[in-house]
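Structure assessment
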Amino acid sequence: MQLTINGHEVTVPSTVTNIGELLTHLQLNAELAIVELNRIILDRAVRDNTAIKQDDYIEIVQFVGGG
């Protein structure tokens, strides 16, 4: 499946069907991720089960600490 993630064309396996699986596939920490799907910020309560489909536009932002 072709997606645009953070402005880059990315191919993911067809077994990746929702945002939670996408975050796992990309090896990202879901606890720290904010996800926007087709320009709509997803509420954390429903984010992981939100379905994705061919040609979706996804922005993922992760917060990191430091000093």
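These lines cover the structure that appears in this document, whether it is placed above or below. Position labels on residues start from 1 in each chain and follow its written sequence. The model is predicted, so local features are restricted to residues of pLDDT at least 70 and side-chain atom pairs to those at 80 or more, both for listing and for counting; the totals for chains, interfaces and linings are taken over all residues. Excluded from the side-chain calculation are hydrogens and water; included are all heavy atoms of the structure.

Next up on the list: the overall build of the protein chain. Every helix listed is a DSSP run of H or I at least four residues long, and every strand listed is a run of E at least two residues long, numbered separately from the N terminus. A count of helices and strands for the protein chain gives two helices and five strands. Start at the N end of the protein chain and walk to the C end: the helices and strands fall as β-β-α-β-β-α-β. Radius of gyration here uses only the C-alpha atoms, and the compact-globule reference equals 2.2 Å multiplied by the residue count raised to the power 0.38. Expected size for 67 residues packed as a compact globule is a radius of gyration near 11 Å; at 12 Å, the protein chain falls within 12% of this value. Seen through its C-alpha atoms, the protein chain measures out along the principal axes to roughly 40 × 25 × 20 Å. By residue count, 30% of the 67 residues in the protein chain fall in the buried class. Contacts are assigned to residue pairs that have any heavy atoms within 4.5 Å of one another. Sequence-distant contacts in the protein chain: of pairs separated by 6 or more residues, those separated by 24 or more amount to 53%. Of the roughly 4400 Å² that the protein chain leaves accessible, carbon and sulfur atoms contribute 55%. Buried residues are those whose accessible area, probed at 1.4 Å on protein chains only, stays under 20% of the maximum for their type, while exposed residues exceed 50% and partly exposed ones sit between those limits. What sets the accessible areas is the Shrake-Rupley method with a 1.4 Å probe; for residues, cover comes only from the shown protein chains.

On to the environment of A33, then. Along the polypeptide, A33 turns up in strand β3 (residues 33-37). By relative accessible area, which is 1% here, A33 ends up buried. Contacts of A33, omitting those with residues within four sequence positions, involve L23, R44, R47, I60, V61 and Q62.

Right, let's talk about unusual backbone geometry for a bit. A negative phi angle is the norm for most residues apart from glycine, just as the trans form is the norm for most peptide bonds. One non-glycine residue, Q27, adopts positive backbone phi at about 60 degrees. Turning to its location among the elements, Q27 is positioned in the loop between α1 (19-25) and β3. Using a relative accessible area of 72% as the deciding quantity, one classes Q27 as exposed. In this structure, N38 takes a positive phi of about 50 degrees despite not being glycine. Summarising the element assignment, N38 is placed in the loop between β3 and β4 (40-41).

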